[in-house]
Amino acid sequence: MTNFFTTYGFLIVSMLLGAMLGLSLYLPLMAGQLSLASPGFYAVGGYIAAILSTQVFHFTGELFPVPLLLLEMLIAGLVCGVLGVLVGVPALRLRGIYLAIATIAFVEILRILSLNLDITGGAVGIFGIPQPFTSPLEYLWVVGPMLLVSMLFLYRLERIRVGRSLVALREDELAASAMGINPTHFKVLAFTLGAILAGMVGAVSAHFLNTWNARQGTFDSSIVYLTFVLIGGSRTFMGPVLGGMVFTALPEILRAIADTPQLPMWLATFLREGRMMIFGVLIVLGTVFFPQGLIAPRRFQFRRRPHPAAQPKD
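How each quantity is defined
Residues numbered from 1 in each chain as written. Predicted model: local features only at pLDDT ≥ 70, side-chain atom pairs only at ≥ 80, totals over all residues. Heavy atoms only, no water. Helix = DSSP H or I, 4+ residues; strand = E, 2+ residues; numbered from the N terminus. Rg over C-alpha atoms; globule rule 2.2 N^0.38 Å. Buried < 20%, exposed > 50% of the residue type's maximum accessible area, 1.4 Å probe, protein only. Contact = heavy atoms within 4.5 Å. Areas by Shrake-Rupley, 256 points an atom, 1.4 Å probe, with all protein chains shown as cover. Lys, Arg positive; Asp, Glu negative; His and termini not counted. Charge placed at Lys NZ, Arg CZ, Asp CG, Glu CD. 1 Å grid on protein atoms, 1.4 Å probe; cavity = no way out; pocket = protein on both sides within 12 Å on 5 of 7 lines; lining within 4 Å. Points joined across faces, edges and corners; volume = space filled by probe spheres on them. Nonpolar A, V, L, I, M, F, W, Y, C, P; charged D, E, K, R; others polar. Salt bridge = Lys/Arg side-chain N within 4 Å of Asp/Glu carboxyl O. Expected span 1.5 Å × (residues − 1). Arc of directions from axis to C-beta. Axes fitted to C-alpha atoms, helices over the stretch in contact; angles between N-to-C directions. Parallel < 35°, antiparallel > 145°, perpendicular 65-115°, else oblique. Left-handed = near helix turned anticlockwise from the far one by under 90°.

**Description of the overall build of the protein**
Phase 1: A count of helical and extended segments in the protein gives 12 helices and 2 strands.
Phase 2: Counting from the amino terminus, the protein carries its helices and strands in the arrangement α-α-α-α-β-α-α-α-α-β-α-α-α-α.
Phase 3: Relative to the globule expectation of 20 Å for 314 residues, the C-alpha radius of gyration of the protein, 21 Å, shows essentially globular dimensions.
Phase 4: Its C-alpha atoms put the protein at 80 × 55 × 35 Å along the principal axes.
Phase 5: By residue count, 48% of the 314 residues in the protein fall in the buried class.
Phase 6: The long-range fraction of contacts in the protein, counting pairs at least 24 apart against all pairs at least 6 apart in sequence, stands at 79%.
Phase 7: Carbon and sulfur atoms form 68% of the exposed surface of the protein, whose accessible area is close to 16,500 Å².
Phase 8: For the protein, the centre of its 20 positive side-chain charges and the centre of its 14 negative side-chain charges are spaced 14 Å apart.

Laid out in structure tokens, this is it:
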């Protein structure tokens, strides 16, 4: 068992980070908003942590203090929250595919900026980000509680007035507005919460990966995160958690299959390089056959048998 965790420690932590990134995309979807901005906030959070740790705190060649890591996560969350409000107020006036295009443009703007700014290291990025732990598996002490708190938060959110207002907007915005629910307020709230979570995950990931560059926040990442939610399930927070874990591990599984000697060369190459195509096919198939995802609340509801007295008599 020790060898298992030692070998797959990096993958296990990556799966938990993927689950939280799925949750960051799930939050706007609770209000019916197809936002693909999570990779942008994820990249911003990572750059904040990378810049603070290498250019402000100046830690090199020694373990990075965990309290400073938590401080970076807090700063990244606050900055991404403010940025989420600034972006969300104008962008969330759009709906559907138009909102998706606008948020993709936001991600691309951040990517171009990171490629051309000196403080972000340009195309090379920032290397040598100090590590708070000596092994990848030790990041579970931070990532595990972080995912648990996120899940508890969403579990509670789905059961209080705010969460029900978000669901009402998702189901029928016009009817929700007629009931006194302010669409702009709740949409921006959901968008901002997703931005905060993505930024905090980015701050942890920067230390976990030891390097950060413009490849961390791209359009490809938006499609991957969308796969987490659509295939896992967009009606309950457990769907993105399952989807994030499974589809973060999927490339490693495909790579292991591709290394099988008996496979033809073209198939092995496709399994290694065709991840985005496979994700695209899964999104199409999942939308057709599992429109609510693999985890849907109604599948776990038991049908009550009618009382004998209520059955019609012949």
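**Brief notes about the layout of surface pockets**
Over the atoms rolls a probe the size of a water molecule, and its path tells where empty space is left.
Phase 1: The space that makes up the largest pocket amounts to roughly 830 Å³.
Phase 2: Elements that contribute at least two residues to the lining of the largest pocket include exactly helix 1 (2–30), helix 8 (183–209), helix 9 (219–232), helix 10 (238–258), helix 11 (265–273) and helix 12 (275–289).
Phase 3: The leading source of residues in the lining of the largest pocket is helix 1, at 7 residues.
Phase 4: In terms of residue class, the lining of the largest pocket is built from 17 nonpolar, 7 polar and 6 charged.

**Some details on the pattern of salt bridges**
Phase 1: Evaluation of the coordinates by the stated rule reveals 6 salt bridges.
Phase 2: For the salt bridge of glutamate 158 with arginine 159, the shortest nitrogen-to-oxygen distance reads 3.7 Å.
Phase 3: Notably, a salt bridge pairs lysine 187 with glutamate 173, separated by 2.9 Å at the nearest N-O pair. With lysine 187 in helix 8 and glutamate 173 in helix 7 (residues 173–178), this pair connects stretches of sequence that are 14 residues apart.
Phase 4: By sharing partners, the salt bridges in this structure join Arg95, Glu173 and Lys187 into a single network.

**What about helix 4 (residues 96–116)?**
Phase 1: Given a rise of 1.5 Å per residue, 21 residues ought to cover 30 Å, and the 31 Å separating the end C-alpha atoms of helix 4 matches this to within 8%.
Phase 2: Those residues of helix 4 lying buried are Leu99, Ala100, Thr103, Phe106, Val107, Leu110 and Ser114. Along the axis of helix 4, the buried residues cluster in a sector spanning 120 degrees; they form a single face. Structural note: helix 4 exposes Ile97, Tyr98, Ile101, Ile109 and Asn116 on the side pointing more than 90 degrees away from its buried face.
Phase 3: Those residues of helix 4 that are buried lie in contact with helix 2 (38–56), helix 3 (66–91), helix 8 and helix 9.

**Let's talk about the packing of helix 2 against helix 8**
Phase 1: As a packed pair, helix 2 and helix 8 sit with axes 6 Å apart at the nearest point and diverge in direction by 45 degrees. Comparing the axis directions of helix 2 and helix 8 gives the class oblique. In this structure, helix 2 crosses over helix 8, and the sense of that crossing is right-handed. Contacts between helix 2 and helix 8 involve Ser38, Phe41, Tyr42, Gly45, Gly46, Ala49, Ala50 and Ser53 from the first element and Phe191, Ala195, Ala198, Gly199, Val201, Gly202, Ala203, Ser205, Ala206 and His207 from the second.
Phase 2: When grouped by side-chain class, the residues that make up the contact of helix 2 with helix 8 number 10 nonpolar, 8 polar and no charged.

**Looking at the packing of helix 9 against helix 10**
Phase 1: Where helix 9 meets helix 10, the axes come as close as 7 Å, and the angle between the chain directions of the two elements is 125 degrees. Between helix 9 and helix 10, the angle is such that the two are oblique. Helix 9 and helix 10 meet at a crossing whose hand is right-handed. Counted together, Thr227, Phe228, Val229, Ile231 and Gly232 of helix 9 and Gly239, Pro240, Gly243, Gly244, Phe247 and Thr248 of helix 10 form the full contact between these two elements.
Phase 2: Looking at the contact of helix 9 with helix 10 residue by residue, the classes come out as 5 nonpolar, 6 polar and no charged.

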